[in-house]
Amino acid sequence: MTEDLPELRASDADRERVVEHLRDALAEGRLDMTEFEERLEAAYQARTYGELAPLTRDLPVPGVVAPAVSMVKQPVRDGSWASRVVGGEGSSSWAVAIMGGFERKGRWTVPKRFNCLTFWGGGGIDLRDANFADHEVVINCVAIMGGVDVIVPPGVEVVVRGIGIMGGFDHREDGVHGEPGAPRVIVTGVAFWGGVGVRRKPTEAERRRIKEQRRQEKLERREERRRLE
C-alpha cells in the first residue's frame, strides 16, 4: 500500500488485495470473525490509500514468514480456479458430530475425499474460500438422524449421488455445469432419518462487494440526476 500518498484514490484491485490479505489473516487466526467483518466492511468503503493502509498495518506482509511460523509456503491465489487446485493431501480429511456439530470453513484445502458422520448432530462444509487438492473431490456424508450442509461457490460443478432412507439428499444443484477449469464436487453417502443439503452461495466478501457496488451506482445515478436538474 502506498502510504506516502494517503490521499491517492484507491482502485477496486487495491481493495481486493486488502480483502485477500484480511482473509489470509482470518484463516491463520490473526483476526477473529468480528475483527475480520469490521475490517472487511471498512475495506469496501475505503476511497483512498490512507483509509486502506491501517486495515493491514498490524498484519504480516503476504509471503514474508514471521519468526516461529512454519516455513511451509502457502499457495499463491490470483482468483483463478487454477490457483485454487493446489494438490497435496488436504488440510482436513474427516469430521464427526455425535450429538454435537462440526464446521469446515474459511481457507482450507479440500482433500480428494472428505468423509463425515453426523449422529443426532449437524455439520457444515463451506467450500467458498477453500482450495482443492484435485480437480475432482468427493464429499462422503453419512447423516443418521442428523444433517450436513454443503455450501459451494458459484462456478463449481456439483454431482449428487447420495441415497436417502427416510431422509434425503438435496439434488437442486446436481448437474449444473461448472466454469472452465473449476473443480468438480461429488456429494455422496447416505442419509438415514436425516438430510444432506447442497447450496450454492457467493462468498461473504463477494456479497459485500456487490452490495457496495450497487450502493455506489445508486449514488452516482442520484448525483447525475442532480446535475441534470
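Rules used in this analysis
Residues take numbers from 1 onward in each chain, read along the sequence in its written order. Reporting of local features is limited, given that this is a predicted model, to residues whose pLDDT is at least 70; pairs of side-chain atoms are given and counted only at 80 or more, and all residues count toward the totals for whole chains, interfaces and linings. Calculation of side-chain values draws on the structure's entire complement of heavy atoms; hydrogens and water are dropped beforehand. In DSSP terms, a helix is any run of H or I states spanning at least four residues, a strand is any run of E spanning at least two, and both are numbered starting from the N terminus. Working definition: with a 1.4 Å probe on protein chains only, accessible area under 20% of the residue-type maximum means buried, over 50% means exposed, and in between means partly exposed. For this analysis, residues touch if any pair of their heavy atoms sits within 4.5 Å. Only the protein chains shown count as cover for residues, and the accessible areas themselves come from Shrake-Rupley with a 1.4 Å probe. One bridge is not enough; two strands pair if DSSP finds at least two bridges between them. A helix is expected to reach a length of 1.5 Å times the quantity of its residues less one. In this analysis, rings of Phe, Tyr and Trp, with Trp reduced to its six-membered ring, are considered paired at centre separations within 6.5 Å, and the interplanar angle assigns stacked below 30 degrees, edge-to-face beyond 60, and tilted for intermediate values. The predictor reports its confidence for every residue as pLDDT, a score running from 0 up to 100. For this analysis, a salt bridge means a side-chain nitrogen from Lys or Arg found within 4 Å of a carboxyl oxygen belonging to Asp or Glu.

(A) Seen up close, the overall build of the protein chain. Counting its regular elements, the protein chain contains four helices and 13 strands. When burial is assessed residue by residue, the protein chain has 38% of its 229 residues classed as buried. Put simply, of all contacts in the protein chain between residues at least 6 apart along the chain, 67% involve residues at least 24 apart. Just so you have it, the protein chain exposes about 13200 Å², and 53% of that area is on carbon and sulfur atoms.

(B) Quick look at the sheet that holds strand 13 (residues 195-200). The five strands lie next to each other as 2-5-8-13-11, forming an open sheet whose pairing is parallel. Lying at the two open borders of the sheet, with one neighbouring strand each, are strand 2 (101-104) and strand 11 (168-169). In this sheet, strand 13 lies alongside strand 11 in parallel orientation, the contact comprising two bridges. Residue pairing for strand 13: phenylalanine 169 is matched across the bridge by valine 196.

(C) Up close: unusual backbone geometry. Of note, the phi angle at methionine 166 is positive, near 55°, even though the residue is not glycine. Position of methionine 166 relative to the elements: it lies in the loop between strand 10 (163-165) and strand 11. Judged by its relative accessible area of 57%, methionine 166 falls in the exposed class. Of note in the backbone geometry, tryptophan 193 takes a positive phi value of approximately 55° without being a glycine. Locating tryptophan 193 in the fold gives a position in the loop between strand 12 (184-192) and strand 13. A relative accessible area of 48% means that tryptophan 193 is categorised as partly exposed.

(D) Broad picture of helix 4 (residues 204-228). The first and last C-alpha atoms of helix 4 sit 36 Å apart over 25 residues, in line with the 36 Å expected at 1.5 Å per residue. Residues of helix 4 that are buried include every one of Ala205, Arg208 and Glu212, and no others.

(E) Region of the structure containing the packing of aromatic side chains. What the rule picks out here adds up to three aromatic pairs. Their ring planes at 70° and their centres at 5.7 Å tell us that tryptophan 108 and phenylalanine 114 sit as a pair that is edge-to-face. Neither residue differs from the other here; tryptophan 108 and phenylalanine 114 are each classed as buried. Taking 5.7 Å as the distance between ring centres and 0° as the angle between the ring planes, the aromatic pair formed by phenylalanine 192 and tryptophan 193 counts as stacked. Residue phenylalanine 192 is classed as partly exposed on the basis of its relative accessible area, which comes to 33%.

(F) Just the confidence of the model for the protein chain, in detail. When pLDDT is averaged along the protein chain, the result is 83; 88% of the residues meet or exceed 70. Within the protein chain, the lowest mean pLDDT, 77, falls on helix 4, and the highest, 97, falls on strand 7 (residues 136-144).

(G) Region of interest: the pattern of salt bridges. Scanning the model with the defined rule gives eight salt bridges in all. A salt bridge links arginine 199 to aspartate 149; the nearest nitrogen and oxygen atoms lie 2.5 Å apart. One end of the pair, arginine 199, is in strand 13; the other, aspartate 149, is in strand 8 (residues 147-152), and 50 residues separate them in sequence. Take aspartate 149: its relative accessible area is 24%, and that puts it in the partly exposed class. Note that aspartate 170 and arginine 172 form a salt bridge whose closest N and O atoms lie 2.6 Å from each other. For arginine 172, a relative accessible area of 65% puts it in the exposed group. Salt bridges sharing common partners tie together Glu136, Glu157 and Arg184.

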